[in-house]
Each structure stands twice: as C-alpha cells, then as structure tokens.
Amino acid sequence: FKCDWSSDVCSSDLIGMAGRFPGAGTVEAFWQNVLNSVESISFFTPSELEAAGWDPARVASPDFVAARGVLEGADEFDAGFFGISPRDAELMDPQHRLFVECAHAALEDAGCDPDRHPGWIGVIAGCGDNSYLHKHVAPSLREHEGDQAFIGNEKDFLALRVSYLLNLRGPS
C-alpha cells in the first residue's frame, strides 16, 4: 500500500500472497484443489463427534450437518519466532495467530524484508467474531491478564498487532 499523503493519491501493489485453507496450506495448493475439484471439507461420523464432546441429541438432529473446514497445523504456532511469550500465545485468538503467520508468509512470498524495505508496508485485516475468549481464555485468566486477553482476541487490534510484530511501517 503506497500513499503520497501530500496529494491524496494512493495506489496499492499486491506484492505477495499467502493463505491457509481447509485441505491446502498455501495459496498454490488451494488453487490446485480448485483446478482438480478436490473436496476440502471434512465430514465426521456421529461417534467422532460424540468423542469430541458434541451432544449426541444434537448430532442426531436431521438438520445437523456433520462437516466443516479443518485447517491443518492450526495448533503449531511458533510464538517464539514472533517474539510472543507462550502465555500470550495461549491468550491470543487462533484467527490472530494464523493471520500473523500468513502476513509473514506473504512478505516472504514477496521477497520483502520489512527491516530493509525503504517504503511503507501497511496492513488491512479483518476477522470474524468468535467465542475463543469466553470459552477458552476467560476460565483460566489470572487477575492481571484481562487487558492482554482482550487485546489478543479483539478483531480491531489484528492489523495493529501484525504491524507491531513484523515491524511494518505504514497504515494499519
């Protein structure tokens, strides 16, 4: 993202891409799945769902769909690589962890080192609301961790967090 703030003229250049998808860990693998009509949705048996803690009555309901997209490796976030403590990584929404990884991969795909890049690199991001904070983080919060847990799970901090962690200088 480039802007000449003195003239209010902005242009953007797509310089790198990255993504993680069900059945495809990269944009290239996703495209191959599309070209080859590969089904990337996982389907589950009632016994698999019950073993995962789903209510058997809900699983037996005729309107229940026993399928979802599964991201491989979503539990393999390397917190230390990004300078994040293990506890802060635990408190962080998994969507944020994946986005940080994808942002780093997009920079690598572009051959761009933010520390040596002379211009601005900006981040525009979005993620869905989730229940991670309430379901998984809140029950184990220590008294002094409330603000950090909120920031680590609030969608409005996603672009700013990536800019900070990857040393980006530009709009976020």
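Residues numbered from 1 in each chain as written. Predicted model: local features only at pLDDT ≥ 70, side-chain atom pairs only at ≥ 80, totals over all residues. Heavy atoms only, no water.

## What about the nonpolar core?
Counting 16 residues, the largest nonpolar core has F77, F82, I84, L107, V162, L166 and L168 as the members making the most contacts within it. Only α5 (94–110) and α8 (158–165) provide two or more residues apiece to this core. Top contributing element to this core by residue count: α5, with three residues. With near-sequence residues (within four places) excluded, I84 lies in contact with F77, A79, A89, M92 and L165. Among the nonpolar cores identified, the runner-up in size contains five residues, and L91, Y132, L133 and A149 belong to it. (Core = buried A, V, L, I, M, F, W, Y, C linked by side-chain atoms within 4.5 Å. Buried < 20%, exposed > 50% of the residue type's maximum accessible area, 1.4 Å probe, protein only. Helix = DSSP H or I, 4+ residues; strand = E, 2+ residues; numbered from the N terminus. Contact = heavy atoms within 4.5 Å.)

## A short note on the confidence of the model for the chain
Averaged over all residues, the pLDDT of the chain is 86; the fraction at 70 or higher stands at 92%. No element of the chain has a lower mean pLDDT than strand β1 (residues 2–4), which averages 46, and none a higher one than helix α1 (residues 27–35), which averages 96. Low pLDDT, under 50, characterises residues 1–5; the predicted model gives this stretch 13 contacts beyond four residues in sequence or across chains. (pLDDT = per-residue confidence, 0-100.)

## Focus: unusual backbone geometry
We note that S37 has phi near 55 degrees; this positive angle belongs to a residue other than glycine. Mapped onto the secondary structure, S37 falls in the loop between α1 and β3 (41–43). With a phi close to 60 degrees, N167 is a non-glycine residue in the positive phi region. Relative to the elements of secondary structure, N167 occurs in the segment after α8.

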